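Summary of structural features
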Amino acid sequence: VQLQASGGGLVQAGGSLRLSCAVSGSIFSINLMAWYRQAPGKQGELVASISSTGANYADAVKGRFTISRDNAKNTVYLQMNTLKPEDTAVYSCSVFVSQRRGSNYNTYWGQGTQVTVSS
């Protein structure tokens, strides 16, 4: 299972970015899809997650970020609006995948994509 994240970059405060993470490989079912971030000198944090039961967000991004998924494309998105300098971090995607009917789900990670928000 491979994850390819894209969409990071440099943006001014108040701007928007959309991150994408495409999942490929031997996949039977994808349960949870999520975005994490880690800023320099800080612990990593869960930004948002989405499953069949709905989406959840970190308090710091509620109302500004929206996570969505396209099951036909095995892709998860993170629309980030009203970006703040404190959103600057490396953003990574993670998915919970079953590769065969009846097999266990395992967690897979993509490479990070840098998001930098200038003031």
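Scroll up to find the structure this text is about.
Basis of the calculations
Residues numbered from 1 in each chain as written. Predicted model: local features only at pLDDT ≥ 70, side-chain atom pairs only at ≥ 80, totals over all residues. Heavy atoms only, no water. Disulfide = S-S within 2.5 Å. Helix = DSSP H or I, 4+ residues; strand = E, 2+ residues; numbered from the N terminus. Core = buried A, V, L, I, M, F, W, Y, C linked by side-chain atoms within 4.5 Å. Buried < 20%, exposed > 50% of the residue type's maximum accessible area, 1.4 Å probe, protein only. Pairing = 2+ DSSP bridges. Axes fitted to C-alpha atoms, helices over the stretch in contact; angles between N-to-C directions.

So, on to the state of the cysteines. Taken as a whole and judged by the stated rule, the model has one disulfide. One disulfide in the model links Cys 21 with Cys 93; its S-S distance is 2.0 Å. Disulfide Cys 21-Cys 93: torsion about the S-S bond near 60°, hence right-handed. Of this pair, Cys 21 sits in strand E3 (residues 17–24) while Cys 93 sits in strand E9 (residues 89–98), and the two are 72 residues apart along the sequence.

Quick look at the nonpolar core now. In terms of nonpolar packing, the biggest core is built from 30 residues, with Trp 35, Val 47, Phe 65, Leu 78, Met 80, Tyr 91 and Val 95 touching the most fellow members. Residue assignment for this core shows that the elements contributing at least two residues are strand E1 (2–6), E3, strand E4 (29–38), strand E5 (45–51), strand E7 (65–70), strand E8 (75–80), E9 and strand E11 (113–118).

A few words on the sheet that holds E1. Overall, antiparallel pairing links the four strands, which are arranged E1-E3-E8-E7 in an open sheet. The two strands at the open ends of the sheet, each matched to only one other strand, are E1 and E7. Pairs of neighbouring strands in the sheet enclose a mean axial angle of 15°, with direction left out of account. Summarising the sheet, E1 and E3 pair through five bridges and their orientation is antiparallel. Looking across to E3, one finds that Ala 5 is bridged to Cys 21.

To continue, consider the pairing of strand E10 (residues 105–109). On a regular strand, each side chain points to the face opposite its neighbour's, so the side chains alternate between the two faces of the sheet. Relative to E10, E9 runs antiparallel, the two being bridged by five bridges. Each residue of the ladder has a partner; that of Val 97, found in E10, is Asn 106.

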